[in-house]
Amino acid sequence: MKKQMNEAIHARRGVPVWKKIFLQLSLLACLGVFSTSYAIADSDLSVQQQVSGTVTDDSGVPLPGASIVVKGTTVGTVADFDGNYTINVASNGVLVFSYVGFTPKEIAVNGKTTLNASLEIDSSLLDEVVVVGYGTQKKGEVTAAIASVDAEQLGIVQTSSSIDAVKGQISGVDIQASGGRPGQTSTVRIRGRRSITASNDPLYVVDGIPLIDGSESMSDINPQDIASMQILKDAAATAVYGSRGANGVILVSTNRGKVGKTQVRYSSQIGLTSAARLVDMMNGQEYAEMKREARRSSWNGTIPADVDVFFDPVELKSIEEGRSTDWIDLVVGNGYQTNHQLGVSGGSENTTFNSSIGYFKEQGIISNQDYERFSGRINIDHRINDIFKVGASFLISNSVQNWGSNATMGEALAINPLGVPYDDEGNLLFLPTNDGIRTNPLNELVDGAYIDERKFTRIFAPIFLNIDIAEGLNWTTTFGPDIRLGRRGQFRGSLTNDNRGGPGDASITHFDTFGYTLENLLTFDKAITDSHNLKVTLLQSTQNSRSEFSIASVTGIPYESQSFYNLGSADNSIVDSSLSEWTLNSFMGRINYDIDGKYLFQASLRADGSSRLAEGNKWNYFPGVSAGWRISQEDFMAESAISELKLRASYGEVGNTSVAPYQTAGRLQGTAYAFGEESALGFALSEIPNAALGWEVSKTLDIGVDYGLFNGRINGAIDWFRTNTVDILLDRSLPFTSGYNSILQNIGATRTQGLEFAVSAGILDNPNGFSWKMDFNVAGYKEEIVELALKDENGNPVDDIGNNWFIGQPIRVWYDYEKIGIYQADEEALANSQEQKVPGEIRLNDLDGDGLITPDDRKILGTDTPDFYGGFNNKFSYKGLELGVFFYFRQGQTIRSDFHASNNSLFARYNNLDVDYWTIDNPTNANPRPNENQESPRNGSTLRYFDSSFIKLRNVSLGYNLPNSITEKLGMQELKITLSGQNLLIITDYETFDPEVSEDAVSAGSGIVPSNKMYSLSLSAKF
């Protein structure tokens, strides 16, 4: 903190002469007012004299704007930009010098005409301040599990999303990419999953206002506008957010202005991207060999002649000429990423501001996929007087994402490599072979042929009024409107995989959301005695959301150049629309109490009333309590090398707003009726209304230790937690005679428990030489289902095999037969008796040993829950040079690869992964024999399970800070150049694009886009 203060102070130097003259004239005018006031109010004082001097910190740096007041009066002045001041004061008076962040100092005049004051930083402020729900706390006073990420950490990885930048940097926060498309959002899980069918996404709060669209809307915020992010992990921390805090809360604080000289910041980055990894598909020769084998008369029969295997002249010509087409190489190329940011900040003692504009563009490695965002922000804070302060944060953002066609990658993988993309005249072929199923993926990339354009405009403008009612008593009113306007335009031309020569189709979808939050916060913070401190927080909150959806879809586009902009000219239109509204009213109270800063207590209670729930069941209450003991503050620890040691424990209950609007009332859907001899349209209930529906509730116990060694050289935290989630929403099956398949009820339960460890260490700290800072975090958890809708005759919960839900197992497991090899030539009788198979087919594990393969032989093969995950970051610096190396890892999870389901069928009609398959001459146990009579091998699902553990070199960067001797000549405060690389290395046994696949994607399907690696050059400057 001291370093940051000194930097801010130094930033105020170099003020133009005209500004100094203007300030001095203003101060002289103020002196006249002060002096007159002083003469009237204090005419009985002794002889007045003029005193001047300089106010500095303890290192001699001037403190512009420092306050100088005559003790016991209202007479005062402020120091100019060089820390100089002049004031009239009685010869026997006392001057009080003060400055934000420093300890006030009193100096007696004693007839002196020159008084210089040196202020010391307030040691109580050296304890880092962190943002918590509805307020701030010193880090040493926090009794809940809260982790912080600052702007420097967010800047390690160049990305469009601040959420993606956090990946691997916080223990217990598991962030996974959904694919390699530009602008594609990541999936965030804080301490695992709790709900089986409802959302497990955390709540996002920006500048005190909850976002209406969660992780989707976080992509509207420029990462470089963020000052810090706090992740509230346990229920004691999130209980103040009540029904929305079950999955954790991410608090985002944006940059605000600081007192001092106006500062201009500029940063620019350009990077070249390419696929981090590609897959090994068969080339033409390998595909031909597979196709021949697939046509073998039997597993040990003969292979027909080529003229009886290949009926397409194109295939025969390719075989004859040795021709092969690498379709992936044709559709996957290079992309780029560029990012520019211009910011201006500064302010006076009364008004501070921070403004910025940003531009981000990422061109994907597939030509018609890109993401572009323009953003602008201005944050203003103004102190009207000693009582009132107002502030506003205004964000406007516009983004355009061109999603591209899923068929581009899917067709490039599956299409016959013996086919050709162009005819003899160089024209693009729609069907590279006579097979009408597989189309040329290059047709998807023709300009205007396939469009999926997603536009979003975001306006986010919270404002606040802060009132200092009395000492220690503060009132804050905040109003935060949040508007997000979305439009998705789609067009698919005739010669695309969707339409296959038929008429083109198009659609326009609008989804507009308007929400607002109005909150009143009353805070009482006062020392009761010298050792007892009390802080009380009271909240009243109202949040409202209104979402409108409309879609117009047509087929038979008369001319394709109109794209989706003239739907009225087409036939067969379909129109639909909907409206969803909800309101949440809340009250919250919280008490913080500490004794000598050693013994810490916190208790909170929030009441939420929601329009989503039925009458009589709208309100729920969420308590939280925590306590801490700062052992390091005890006298017996005074001489210890332990600079921080705090034990803390917490318990809290939070909800998951998983009940959709109108769900408890019973919604209607259109249905067909027999009306006499005619059919008629009518409406019926789409679900059985359940007025008793409520929120899922998570109850968390957390025990943690915060530690620091060697005066903070090493610090970190260890946490153990257990979360029991009850009243989970599940469908209970109903008899068909009821007219419905199921009813939604609060009947499930899960448990998640885990351990987290984090450490930061300044291993070497030499400001004038070599320094090395290391950050490491690792976490693991066990997830299990405790209760389901199904019960046995004794009321005990039983497994729901149909949904792959098992008591005592994680929420998502892979339940299937287990492949133990391939039936070999000498096992023909065994293959027939056990599974009615022949040699060359998959052999399954007979778990019960009855000599037959039955459903009882299935088992749980794995889960997508990792054993542990985390990150390891190192920063080395020597004078102006900085080297950063950041690894991200995830270990022990199993992936079910839909990619292999699509691309390892061994059907030999489509291309295939280049795998080791069984033949009579190659008795492998890896993959079965190709077979034209089986579109997928029997029990082919057993080929899709893989260990997807990985270690990624997330980022490596080399930066150089130009020395002051150069930057001063350039009129700059700072100039830094950085060369970096992202995702340059992936260590894994999983052999496709990327083992890091979010749970939402389940696994890498054919339509997924490879993740990228990037080399980039960036420049940042401050003026």
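Residue numbers run consecutively from 1 along every chain, following the written order of its sequence. Two thresholds apply to this predicted model, a pLDDT of at least 70 for residue-level local features and 80 or more for giving and counting side-chain atom pairs, whereas whole-chain, interface and lining totals are computed over all residues. Calculated side-chain values reflect all of the structure's heavy atoms, with hydrogen atoms and water omitted.

Participant: Would you mind going over helix 11 (residues 406-414) with me for this structure?
Facilitator: Every α-helical turn comprises 3.6 residues, leaving residues that sit three or four positions apart pointing alike. Working definition: with a 1.4 Å probe on protein chains only, accessible area under 20% of the residue-type maximum means buried, over 50% means exposed, and in between means partly exposed. Each helix corresponds to a stretch of at least 4 residues labelled H or I by DSSP, and each strand to a stretch of at least 2 residues labelled E; elements are numbered beginning at the N terminus. The buried count for helix 11 comes to eight of nine residues, which makes it a mostly enclosed element. Burial in helix 11 covers these residues: A407, T408, M409, G410, E411, A412, L413 and A414. By definition, residues are in contact when any of their heavy atoms lie within 4.5 Å. Tucked inside the fold, the buried residues of helix 11 contact helix 10 (327-331) and helix 13 (898-903). Polar contacts here mean pairs of N or O atoms no more than 3.5 Å apart (in protein, one a potential hydrogen donor and the other a potential acceptor; neighbouring residues in sequence count only if both atoms are side-chain atoms). Where helix 11 begins, one side-chain oxygen reaches toward the backbone nitrogen of A407, 3.0 Å away; that side chain belongs to S405.

Participant: For this particular structure, what's the right way to read helix 12 (residues 828-835)?
Facilitator: For helix 12, the full list of buried residues reads A831, Q834 and E835. Down the axis of helix 12, the sector holding all buried residues measures 85 degrees, keeping them to one side. Taken from the residues just after helix 12, Q836 is the one with a positive phi, measuring 55 degrees. Working note: the arc is built from the helix axis to C-beta atom directions.

Participant: Could you clarify how one ought to interpret the pattern of salt bridges in this entry?
Facilitator: Two side chains of opposite charge can pair, provided their charged atoms sit close to one another. Between Lys or Arg on one side and Asp or Glu on the other, a salt bridge is scored when a side-chain nitrogen of the former is within 4 Å of a carboxyl oxygen of the latter. One pass over the structure, following the stated rule, counts 53 salt bridges. Put simply, R191 and D702 hold a salt bridge, and the shortest N to O gap is 2.8 Å. Note that R191 is positioned in the loop between strand 12 (187-190) and strand 13 (203-206) and D702 in strand 33 (residues 696-709), a separation of 511 residues in sequence. By relative accessible area, which is 1% here, D702 ends up buried.

Participant: Before we go on, may I ask you to explain the sheet that holds strand 16 (residues 249-254) in this structure?
Facilitator: The pairing of strands in a sheet happens through backbone hydrogen bonds and is either parallel or antiparallel. When DSSP finds at least two bridges between two strands, those strands are taken to pair. The mixed open sheet is built from five strands, whose spatial order is 10-15-16-13-14. Strands at the two margins of the open sheet, each flanked by one partner only, are strand 10 (146-150) and strand 14 (209-210). Two strands pair when backbone bridges link them, and strand 10 and strand 15 (residues 226-232) are joined in this way by five bridges, in the antiparallel orientation. Across the sheet, V149 pairs through a bridge with M229, a residue of strand 15.

Participant: Sorry, what's going on with the packing of aromatic side chains here?
Facilitator: For any pair of aromatic rings, the description consists of the separation of the ring centres together with the inter-plane angle of the planes. Ring pairs are drawn from Phe, Tyr and Trp, using the six-membered ring of Trp, whenever the two centres fall within 6.5 Å, and their geometry is named by plane angle: stacked under 30 degrees, edge-to-face over 60, tilted for the rest. All told, the structure shown has 22 aromatic pairs when counted by the stated rule. Ring geometry for F622 versus W695: centroids 6.3 Å apart, planes at 40 degrees, classification tilted. Within this pair, whereas F622 is found in strand 29 (residues 619-630), its partner W695 is found in the loop between strand 32 (678-685) and strand 33, the two being separated by 73 residues in sequence. A residue is classified by how much of its surface remains accessible, and W695, at 2% relative accessible area, is buried. An aromatic cluster of at least three residues, connected via ring pairs, comprises F776, F868, F872 and F889. Each ring is checked for a lysine NZ or an arginine CZ that lies within 6 Å of its centre and within 35 degrees of its normal; such an atom marks a charge sitting over the ring. For K952, the ring lying beneath its charged end belongs to F950, and the centroid distance is 5.6 Å.

Participant: What am I meant to see in the sheet that holds strand 1 (residues 48-57) here?
Facilitator: Pairing is mixed in the open sheet, where three strands are placed in the order 4-1-7. Each edge of the open sheet carries a strand with a single partner, namely strand 4 (84-90) and strand 7 (117-119). Each strand axis lies, on average, 35 degrees off the axis of its neighbour in the sheet, ignoring direction. Strand direction decides the pairing type here: strand 1 and strand 7, joined by three bridges, are parallel. Within strand 7, the position partnered with D57 by the bridge is L119. Axis definition: a line fitted to C-alpha atoms, limited for helices to the stretch in contact. Angles are taken between N-to-C directions and run from 0 to 180 degrees.

Participant: Sorry if this is basic, but what is going on with the confidence of the model for the protein chain here?
Facilitator: Do not read the fine detail of predicted coordinates wherever pLDDT is low. Per-residue confidence for the protein chain gives a mean pLDDT of 90, with 94% of residues at or over 70. Per-residue confidence from the predictor is reported as pLDDT, a score between 0 and 100. Throughout residues 1-45 the model reports pLDDT below 50, and contacts reaching past four residues in sequence, or to other chains, amount to 55 contacts.

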